[in-house]
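Chain by chain, the residues run as shown.
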Amino acid sequence: MDQKEIGEALKPLSEETNFFYELGKFICAFAQVETAMQGVLKRLAGVYDPRAIAIFGGETIGRVLEVMQRLVPLSALNEEQTKEMKLLISQVHAISSFRNALIHRPATITENGFVSFKINKTKTFQTFERLKFQLEDLRNATEDLDCIEKRASIVFVPPDMKAFEDEHLQRLFAPWQYKPLEPEKPLSAPQP
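My aim in this report is to walk through the structure given alongside it, one point at a time. Source: prediction; values computed, not measured. (Residues numbered from 1 in each chain as written. Predicted model: local features only at pLDDT ≥ 70, side-chain atom pairs only at ≥ 80, totals over all residues. Heavy atoms only, no water.)

### Notes on the overall build of the protein chain
Okay, so step 1: Helix and strand counts for the protein chain come out as six helices and three strands.
Okay, so step 2: Put simply, the protein chain has 192 residues, and 34% of those count as buried.
Okay, so step 3: By sequence separation, contacts in the protein chain at least 24 residues apart represent 68% of the contacts at least 6 residues apart. (Helix = DSSP H or I, 4+ residues; strand = E, 2+ residues; numbered from the N terminus. Buried < 20%, exposed > 50% of the residue type's maximum accessible area, 1.4 Å probe, protein only. Contact = heavy atoms within 4.5 Å.)

Shown next as C-alpha cells:
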C-alpha cells in the first residue's frame, strides 16, 4: 500500500473522528449553557437554592427558556439587559433545535458533509426531515455556546464593573457564528 492509498483509507476515519470530537465539544458546551441558563432563571425568578432546585430542578432547556421568556418582561432588568437576555434566549433556542437533531436522530457522514434524519418521530412521509450540516456548523454552534455562557454570567453585572479586554469583549459580543439550518422535507407534497 502506498502513501496515497493509506491516506484514502484513513480519510473516512479522520472525518468520523473529527465529527465525534467536535460533537463531544458541542455537547459539553451545551451542558455548560444549560447550567448557566438555570442560574439566570433562578435570578430572574428571585428564587434561590434549595427552593430553586425544588421548583426548576430537572427542567429541560426548552422549558427553562420558555419560563425565562415570560420572566424577562416582569424582571427588574433595564432595557439593555432585557435586549441581551432576549438575544441569548433566541440563540440558545436555535442551537437547541440543532442539538436535538444531532442527539435524538441518526446522523451519517456523506460526501457533502453530514446528514441527520428525522425518522423515529415521523408520522407521515410528508413530515420526514433531513438536516444537512457541516463540521463548521458544529464548530460555530460550540463557539456561540461558549460566548452565551459567558454573556449570561455577566448580564447582571453593572457595565462599569465589566473588566474585560477589548479583544475579549469583541469576541464575546461578535455576531453569532451559528446560523439556524432549515431541514429539508423531500417527501412532502410540492407547495403550489
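This is not the end of the story, as more comes after the structure.
### Structural notes on the pattern of salt bridges
Okay, so step 1: In this structure the tally under the stated criterion is twelve salt bridges.
Okay, so step 2: Here R139 and E22 are joined by a salt bridge, their closest N and O atoms 3.1 Å apart. Separated by 117 residues along the polypeptide, R139 in helix α5 (residues 135–154) and E22 in helix α1 (residues 3–45) bring together distant segments of the chain.
Okay, so step 3: Two residues, E66 and R70, come together in a salt bridge whose shortest N-O distance is 3.1 Å. Residue E66 and its partner R70 are both found in helix α3 (residues 61–71); the two are separated by four residues, about one turn of the helix.
Okay, so step 4: Judged by its relative accessible area of 47%, R70 is partly exposed. (Salt bridge = Lys/Arg side-chain N within 4 Å of Asp/Glu carboxyl O.)

### Focus on the nonpolar core
Okay, so step 1: Ranked by internal contacts, the top residues of the largest apolar core, which has 45 residues, are F26, M37, M68, M85 and F98.
Okay, so step 2: Among the secondary structure elements, those contributing two or more residues to this core are α1, α2 (51–56), α3, α4 (79–103), β3 (129–133) and α5.
Okay, so step 3: Sort the elements by how many residues they give to this core and α1 lands first, with eleven residues. (Core = buried A, V, L, I, M, F, W, Y, C linked by side-chain atoms within 4.5 Å.)

### Things to note about the side chain of S96
Okay, so step 1: Here S96 shows up in helix α4.
Okay, so step 2: You can call S96 buried: its relative accessible area is 8%.
Okay, so step 3: If near-sequence neighbours (up to four positions away) are discounted, S96 is found in contact with F30 and I61.

### Comments concerning the packing of aromatic side chains
Okay, so step 1: The tally for this structure, following the rule as stated, stands at nine aromatic pairs.
Okay, so step 2: With a centroid separation of 6.2 Å and an interplanar angle of 40°, the aromatic rings of F26 and F30 are classed as tilted. Of this pair, F26 and F30 both sit in helix α1, four residues apart, which is roughly one turn of the helix. As far as burial versus exposure is concerned, F26 and F30 are alike and both buried.
Okay, so step 3: Their ring planes at 85° and their centres at 5.5 Å tell us that F98 and F133 sit as a pair that is edge-to-face. Remark: F133 occurs in strand β3 and F98 occurs in helix α4; sequence separation between them is 35 residues. You'll find F98 and F133 in the same group, each marked buried.
Okay, so step 4: Ring pairs connect the aromatic residues F19, F20, F26, F30, F98, F114, F133 and Y178, which therefore count as one cluster. (Phe/Tyr/Trp six-rings, centres within 6.5 Å; stacked < 30°, edge-to-face > 60°.)

### Points about the side chain of T142
Okay, so step 1: Along the polypeptide, T142 turns up in helix α5.
Okay, so step 2: Classification of T142 as buried rests on a relative accessible area of 11%.
Okay, so step 3: With sequence-adjacent residues up to four places away left out, T142 is seen in contact with E22, K25, F26 and A29.

### Section: the packing of α4 against α5
Okay, so step 1: Running from N to C, α4 and α5 cross one another at 145°; their axes reach a closest spacing of 10 Å. Crossing of α4 against α5: the hand is left-handed. Note on element contacts: α5 touches α4 through D137, L138, A141, D144, L145, I148, R151 and A152, opposite E84, L87, L88, Q91, V92, I95, F98 and L102.
Okay, so step 2: Here the residues of the contact of α4 with α5 sort into eleven nonpolar, one polar and four charged. (Axes fitted to C-alpha atoms, helices over the stretch in contact; angles between N-to-C directions. Left-handed = near helix turned anticlockwise from the far one by under 90°. Nonpolar A, V, L, I, M, F, W, Y, C, P; charged D, E, K, R; others polar.)

### Focus on the pairing of strand β1 (residues 107–110)
Okay, so step 1: Here β1 pairs with strand β2 (residues 113–118) via four bridges, running antiparallel. Bridge pairing in β2 links T110 to G113.
Okay, so step 2: Counting the residues that bridge the hairpin from β1 to β2 gives two residues. (Pairing = 2+ DSSP bridges.)

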